[in-house]
Amino acid sequence: MALLEVKNLKVHFKIEEGWVKAVDGISFIIELGETMGLVGESGCGKTTAAYAITQLLPPNGFIKGGHIFFKEPSRVTELRRKYDESLKGASSNARRKEIARVTKKLDPLRGEQRRLQEELGKLQQQRGRAPESTASPAALKKRLDDLATEAGGLEDRLSALTYSYDLLRISMRKDGSLDDYNEKIRKIRWTEISMIFQGAMNAFNPVFKVGDQIVEAIVLHKDVSDDEARERAKELFEFVGVGPDRIDNYPHEFSGGMKQRAMIALALALNPSFIIADEPTTALDVITQDRILVEIRRLQEQLNMAMMIITHDVSVVAEVSDNIAVMYAGLMMEVGKTTQVFKNTAHPYTAGLLGSFPSIKGKKKRLISIPGFPPDLVNPPSGCPFHPRCQYARQACQEGRPKGVEVEPGHISYCHYAKELWDELRRRE
Ligand SMILES: Nc1ncnc2c1ncn2[C@@H]1O[C@H](COP(=O)(O)OP(=O)(O)OP(=O)(O)O)[C@@H](O)[C@H]1O
Ligand SMILES: [Mg+2]
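Right, let's walk through the structure included here. Model, not experiment: these values are computed from the prediction. (Residues numbered from 1 in each chain as written. Chains lettered and ligands numbered in written order. Predicted model: local features only at pLDDT ≥ 70, side-chain atom pairs only at ≥ 80, totals over all residues. Heavy atoms only, no water.)

1. Considering the sheet that holds strand β7 (residues 306-311)
- Pairing is mixed across the open sheet formed by eight strands, whose spatial order is β5-β6-β7-β3-β8-β9-β11-β10. Both edges of this open sheet fall to β5 (193-196) and β10 (405-408), since each of them pairs with a single strand only. In this sheet, neighbouring strand axes are inclined to one another by 20° on average, regardless of whether the strands run parallel or antiparallel.
- Taken strand by strand, helix α13 (residues 348-355) contacts β3 (35-39), β8 (323-328) and β9 (331-337), and its axis lies near 105° from that of β8. (Pairing = 2+ DSSP bridges. Helix = DSSP H or I, 4+ residues; strand = E, 2+ residues; numbered from the N terminus. Axes fitted to C-alpha atoms, helices over the stretch in contact; angles between N-to-C directions. Contact = heavy atoms within 4.5 Å.)

2. Observations regarding the packing of aromatic side chains
- On inspection of all chains with the given rule, the structure shows eight aromatic pairs.
- For the ring pair tryptophan 19 and phenylalanine 62, a centre distance of 5.6 Å and an interplane angle of 80° mean the geometry is edge-to-face. Taken as a pair, tryptophan 19 in strand β2 (residues 18-31) and phenylalanine 62 in strand β4 (residues 61-70) lie far apart in primary sequence, 43 residues in all.
- Overall, the relative accessible area of 15% leaves phenylalanine 62 in the buried class.
- Taking 4.7 Å as the distance between ring centres and 50° as the angle between the ring planes, the aromatic pair formed by tyrosine 328 and tyrosine 349 counts as tilted. With tyrosine 328 in strand β8 and tyrosine 349 in helix α13, this pair connects stretches of sequence that are 21 residues apart. Summarising the burial analysis for this pair, tyrosine 328 and tyrosine 349 share the class buried. (Phe/Tyr/Trp six-rings, centres within 6.5 Å; stacked < 30°, edge-to-face > 60°. Buried < 20%, exposed > 50% of the residue type's maximum accessible area, 1.4 Å probe, protein only.)

3. A closer look at α13
- In terms of burial, α13 is largely enclosed, as seven of its eight residues are buried.
- Of the residues making up α13, those classed as buried are Pro348, Tyr349, Thr350, Gly352, Leu353, Leu354 and Gly355.

4. A closer look at the side chain of arginine 261
- Positionally, arginine 261 belongs in helix α9 (residues 256-268).
- Here valine 240 takes part through its backbone oxygen, which lies 2.9 Å from a polar atom of the side chain of arginine 261.
- Not counting residues up to four positions away in its chain, the partners in contact with arginine 261 are Val240, Gly241, Val242, Arg291, Ile292 and Glu295. (Polar contact = N/O pair within 3.5 Å; in protein donor to acceptor, adjacent residues only side chain to side chain.)

5. What to know about the nonpolar core
- Of all hydrophobic cores here, the largest spans 37 residues; its most connected members are Leu9, Phe28, Ile53, Phe274 and Met308.
- Beyond its immediate stretch of four places on either side in the chain, phenylalanine 28 contacts Leu4, Glu5, Val6, Met36, Ile53, Met308 and Met332.
- Counting 36 residues, the second-largest nonpolar core is a separate cluster that includes Phe204, Val210, Ala229 and Ile275. (Core = buried A, V, L, I, M, F, W, Y, C linked by side-chain atoms within 4.5 Å.)

6. Focus on the sheet that holds strand β1 (residues 2-15)
- On the basis of which strands lie adjacent, the open sheet formed by three strands has the order β2-β1-β4 and antiparallel pairing. Every other strand in the sheet has two partners, leaving β2 and β4 as the edge strands with one partner each. Here the average twist between neighbouring strands, direction ignored, is 5°.
- With eight bridges joining them, β1 and β4 adopt antiparallel strand pairing. By the bridge assignment for β4, glutamate 5 is matched with phenylalanine 69.
- Relative to the sheet, helix α1 (residues 46-54) contacts β1, β2 and β4, its axis offset from that of β1 by approximately 115°.
- On the sheet, helix α2 (residues 74-86) packs against β1, β2 and β4 and is oriented at approximately 55° with respect to β1.

7. Observations concerning the environment of arginine 95
- Note that arginine 95 resides in helix α3 (residues 92-125).
- Accessibility expressed as a relative area gives 19% for arginine 95, which makes it buried.
- In this structure, arginine 95 is in contact with Asp84, Leu87, Ala160, Leu161 and Tyr163, ignoring residues within four places of it in sequence.
- For arginine 95, the side chain forms a polar contact with the side chain of tyrosine 163, separated by 3.2 Å.

8. So, a negative patch on the surface
- A cluster of like negative charges, contributed by Asp212, Glu216, Asp223, Asp226, Asp227, Glu228 and Glu231, occupies part of the molecular surface.
- Ranked by the residues each element gives to the negative patch, the list is headed by helix α8 (residues 226-239), at four residues.
- By the element assignment, glutamate 228 lies in helix α8.
- When its relative accessible area of 47% is taken as the criterion, glutamate 228 is described as partly exposed. (Patch = residues over 30% accessible without salt bridge, like charges linked within 9 Å, V, L, I, M, F, W, Y side chains within 5 Å. Areas by Shrake-Rupley, 256 points an atom, 1.4 Å probe, with all protein chains shown as cover. Salt bridge = Lys/Arg side-chain N within 4 Å of Asp/Glu carboxyl O. Lys, Arg positive; Asp, Glu negative; His and termini not counted. Charge placed at Lys NZ, Arg CZ, Asp CG, Glu CD.)

9. Here we look at the packing of α3 against helix α4 (residues 137-162)
- Put simply, α3 and α4 touch, their axes get as near as 9 Å, and they point 155° apart. Of the possible angle classes, the one that applies to α3 and α4 is roughly antiparallel. The chirality of how α3 crosses α4 is left-handed.
- Residue composition of the contact of α3 with α4, grouped by class: 17 nonpolar, five polar and 11 charged. (Parallel < 35°, antiparallel > 145°, perpendicular 65-115°, else oblique. Left-handed = near helix turned anticlockwise from the far one by under 90°. Nonpolar A, V, L, I, M, F, W, Y, C, P; charged D, E, K, R; others polar.)

10. Here's the deal with the site of ligand 1
- In the region of ligand 1, 16 residues are neighbours, and Ser42, Gly43, Thr47, Thr48 and Gln198 sit closest.
- Interatomic distance of 2.5 Å between a side-chain N/O atom of serine 42 and an oxygen atom of ligand 1.
- Taking threonine 48, its side chain carries an N or O atom lying 2.5 Å from an oxygen atom of ligand 1.
- Against a free-state accessible area of 630 Å², the protein chains account for coverage of 70% of ligand 1.
- Of all elements in the fold, only β1, β2 and α1 reach the threshold of two or more residues within the shell around ligand 1.
- Looking at the shell around ligand 1, the element that brings in the most residues is α1, giving three residues.
- Looking at the shell around ligand 1 residue by residue, the class counts come to seven nonpolar, seven polar and two charged. (Near = heavy atom within 4 Å.)

Encoded structure:
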């Protein structure tokens, strides 16, 4: 079942010169218990995508379109896709009409449910006395069960039509800004979706003990005593490999690696089902980096937690991700299983990105870096934003924005010439 489905998400920042199109229509899916690596050069919009999901965008960040479906039951997802397909191109009126039609069917069922529930309650209260109603409790219960099934089907339809599992629908204001104080979102953030911030080194407040900061986070969201929360914090310290006796240390008494581990402990504190780790290893030396990656793998195995790991270091994703999404200039370039993207690369940008990183285990090859620089996102290039740097670019690449091409099951390349490139790269192997 999909845990998270990001669909055509657009996030732009308002600045004096205009709008920075930081995320300009990206889509991906993360399944329960899976890890996805989000990679791409600096400034391509990775952190912005994460902030849209956790709804922590700065005040000049606006949602310009798209959806973020979280924990939507698969039956609703199926219905939603069917509706999207059948209502494609139709006016928003058609959707409104369909919502009205379903609601009209659902309302009397809800009414009857309430009535039968009351009747059942009364019957159960007057047990032993002469019954007012002729209905038997068993028959009423059966009827209620049937009604629940029928109403449930209609509720699912309504959810699908109104996108009720869309986090953006819950908290987005008319102008596209997010109300990050929204009660529902606050319940989800940290308890369901948590985030290890880029630059975690500075995420702890220097004047409070590290353990106390974790205890505070737990007590704030869960109905537990300080002592219970302290026990949990100690357990978490142990889990991430920091001695529980360090709980009363201040952040400056921790090494970089320990701070990073403590940050992971903080992200885990409330048992979220999904963690976004933004460059969890970038600021660390190679040995500590490796240890943190081992830790992350252990988390995946023991807690079966879904993760999104953001990094510009493809060797990190290769080690810990089931899937990879490659971003460039606010857009997706390639999405697929890690093995597919590494072995059967189907986008020139990914090929360049992989070429610019030395392979540790694979055979030695000459490093080719991608010439040029990522574009200005206020005035991005027309068509495919990668075309000015792409050695395969042709006329068409300057025109339309590439649509996703499924080059093999679950492996999508957003390149006009994905199929040709695919053949070309396979030929060279
Ligand atoms: N608050 C903001 N106001 C204006 N522009 C912003 C803001 N935050 C980010 N940007 C711009 O949006 C684009 C995407 O930034 P983002 O931080 O998402 O990139 P990133 O992929 O996480 O990069 P890095 O690998 O360096 O962390 C960049 O061009 C950045 O300058
Ligand atoms: Mg970033």
